Structures are given as C-alpha cells and as structure tokens.
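# Close look at the chain arrangement
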Amino acid sequence: MRPGPPVVDAELLRQVAGRFATGVTVVTTVAGGADHALTVTAFTSVSLDPPLVMVSVAKAAPFHGAVLRGGRWAVSVLSEDMRVIAERFAAPDTAALDASAPEVGRPEVDGPGQGRGAVTGAVIFTGGVAALECRTHAVHDCGDHSLVVGEVLALDAPDVQGGPLIVYRDGYRTFG
C-alpha cells in the first residue's frame, strides 16, 4: 500500500511563505455600484506578451465576489509611507460570500490620496510606486484561493521618493 500525501502543517507553511519578502498592493474594483478594496501581497507579473498580471484572492474574503463581479480592477503598488492604507484594507472579515451576494464588512474606499483609473474607474491610490489597470483575463481555482489573471490595460510608474512597502515574516518593512 502506497502512503498518502505528506501532511503539511498549515502554520509552518505560513511561516515559511512569510520568509519570502514581497511587495504590498491594494487591489480595487467597482461592483454593484460600490468601491471594494483588498490589501494583497500575492501579486505578480505573468506575461509581457500579452501583458498579464495575477493576484491571489482568498475565496473567503468578501472582496473575492466583488472582483469576480466587477471584471475590471486596479492595482496600487504601495510606497513605504503607505502602511496605513495597507492596514486599512487588510482582510478583517473572512465570512464567505457567494459571487452574487452583496459585500459586507468592508471599509469604504474614500478619502484623500486617491483618484480613479481612466480605463477601469477603479480607485488608484496616489503616492504609490506603480499602478496598473486590468480586465479579468482568466480565473483559476487554487484550493482556498482564486488566481485572478488580468490583462493590463493601462499602467503608471510615477517618480516617487522612497521605496516600496514590503512584507517579511508577517510584518511591514521598508528598504531603509
């Protein structure tokens, strides 16, 4: 008899994954006439031709249904002085919602230091190190997350002071 797959301790996996430093983004969308946002560290470029990027969104996060319904979204790559924005849109409510249900328990996306993407209409936080506007290209089911692949429709790399906000070992960090 062949042994089953190894049992991986979820907490240890979280610790190991946390040893990979990653940038901090806030992904935004407009769904059902409302703005929705989520802090996401699982963001990456996928392809240059066609231009594709990917974000990983927990299925239990209320943002999951919103980004699937919205179909267009923006990514703000946060600068080192934008920690308060990262904290504001981290997932405080993990109640599972189905894709057709209205979103609940999420902070409003409003206030100074933001604008709207010209292509998607989604909120983009000014002062970040980069911004992208995307249209959903594909969604892949990956366990308790969905990988949402977006075709890049517009982008910006403003000349800002300082570096990006990063996460390492479950904490926000900077290069300084």
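Structure: above.
So, here's what we can say about the structure. Being a predicted model, the structure only gives us computed values, none of them experimental. (Residues numbered from 1 in each chain as written. Predicted model: local features only at pLDDT ≥ 70, side-chain atom pairs only at ≥ 80, totals over all residues. Heavy atoms only, no water.)

### Here we look at the sheet that holds strand β12 (residues 171-173)
Read from one edge of the open sheet, three strands run β1-β11-β12, paired in antiparallel fashion. Looking along the sheet, the strands with just one partner apiece sit at the ends: β1 (22-23) and β12. As judged from the two bridges shared by β1 and strand β11 (residues 166-168), these two strands associate in the antiparallel manner. In the strand pairing of β11, Thr 22 is matched with Val 167. (Pairing = 2+ DSSP bridges. Helix = DSSP H or I, 4+ residues; strand = E, 2+ residues; numbered from the N terminus.)

### Some thoughts on unusual backbone geometry
For the bond running from Asp 49 to Pro 50, omega is 5°, close enough to zero to count as cis. Its location among the elements puts Pro 50 in the loop between β4 (43-47) and β5 (52-58). You will see that Arg 169, though not glycine, has its phi angle at about 50°, which is positive. If you trace the backbone, Arg 169 turns up in the loop between β11 and β12. For Asp 170, which is not glycine, the phi dihedral falls at a positive 65°. For Asp 170, the location among the structural elements is in the loop between β11 and β12. Look at Asp 170 and you get exposed, because its relative accessible area is 61%. (Buried < 20%, exposed > 50% of the residue type's maximum accessible area, 1.4 Å probe, protein only.)

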